[in-house]
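Topology and contacts: notes
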Amino acid sequence: MQSNQHFKSASAGQFSALPGVFFFYDLSPIKVTFKEEYVSFLHFLTNVCAINKPIIEGLLTVSGILDSFIYHGQKAIKKKMEMVNSVDERV
């Protein structure tokens, strides 16, 4: 018959090991190598365009929205002015 019960006695004042979790690190030197790599101007220009594309698209979108507001606002004001002038002519 097998048993899963374990017992260890310890007398007062006798500490063989403290309970806890201990981590031991093996620190070794790390070698870092730097490598300079030159890219062509065309590659640089392509990367700059790719990075700035969302910014440019956002600016174009906002300017399109502002242009639409200005155009339709001007058109509505002009229409109201024409209505006021036509009412004045009838009176």
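It should be noted that the structure appears before, not after, this text.
This write-up is about the structure you can find in this document. Computed from a predicted structure; not experimentally measured.

The rules behind each value
- Residues numbered from 1 in each chain as written.
- Predicted model: local features only at pLDDT ≥ 70, side-chain atom pairs only at ≥ 80, totals over all residues.
- Heavy atoms only, no water.
- Helix = DSSP H or I, 4+ residues; strand = E, 2+ residues; numbered from the N terminus.
- Buried < 20%, exposed > 50% of the residue type's maximum accessible area, 1.4 Å probe, protein only.
- Areas by Shrake-Rupley, 256 points an atom, 1.4 Å probe, with all protein chains shown as cover.
- Salt bridge = Lys/Arg side-chain N within 4 Å of Asp/Glu carboxyl O.
- Expected span 1.5 Å × (residues − 1).
- Bend = angle between axes of the 7 residues up to and from the residue.
- Phe/Tyr/Trp six-rings, centres within 6.5 Å; stacked < 30°, edge-to-face > 60°.
- Patch = residues over 30% accessible without salt bridge, like charges linked within 9 Å, V, L, I, M, F, W, Y side chains within 5 Å.

Bringing the overall build of the chain into the picture now. Counting secondary structure elements, the chain contains one helix and zero strands. Looking at the 91 residues of the chain, the share that counts as buried comes to 0%. Total accessible area on the chain stands at roughly 10200 Å², and carbon and sulfur atoms take up 64% of it.

Under the defined criterion, the tally for this structure stands at one salt bridge. A salt bridge links Glu57 to Lys53, with the nearest nitrogen and oxygen atoms 3.8 Å apart. Placement of both Glu57 and Lys53 in helix α1 (residues 41-90) is noted, with a separation of four residues, approximately one turn of the helix.

With that settled, consider α1. Here α1 is 50 residues long and its end C-alpha atoms lie 70 Å apart, about the 74 Å a rise of 1.5 Å per residue gives. The largest bend in α1 is about 45°, located at Asn52, with the proline Pro54 one to four residues further on.

Before going further, it helps to examine the packing of aromatic side chains. Applying the stated criterion across every chain, the model contains one aromatic pair. With 6.2 Å between their ring centres and 40° between their planes, Phe41 and Phe44 make a pair best called tilted. Here Phe41 and its partner Phe44 are both found in helix α1, three residues apart, which amounts to about one turn of the helix. Owing to a relative accessible area of 47%, Phe44 belongs among the partly exposed residues under this scheme.

Our focus in this paragraph is a nonpolar patch on the surface. A surface patch of nonpolar side chains, about 540 Å² in accessible area, is lined by Val39, Phe41, Leu42, Phe44 and Leu45. With respect to the helices and strands, Leu42 occurs in helix α1. Given a relative accessible area of 60%, Leu42 falls into the exposed group.

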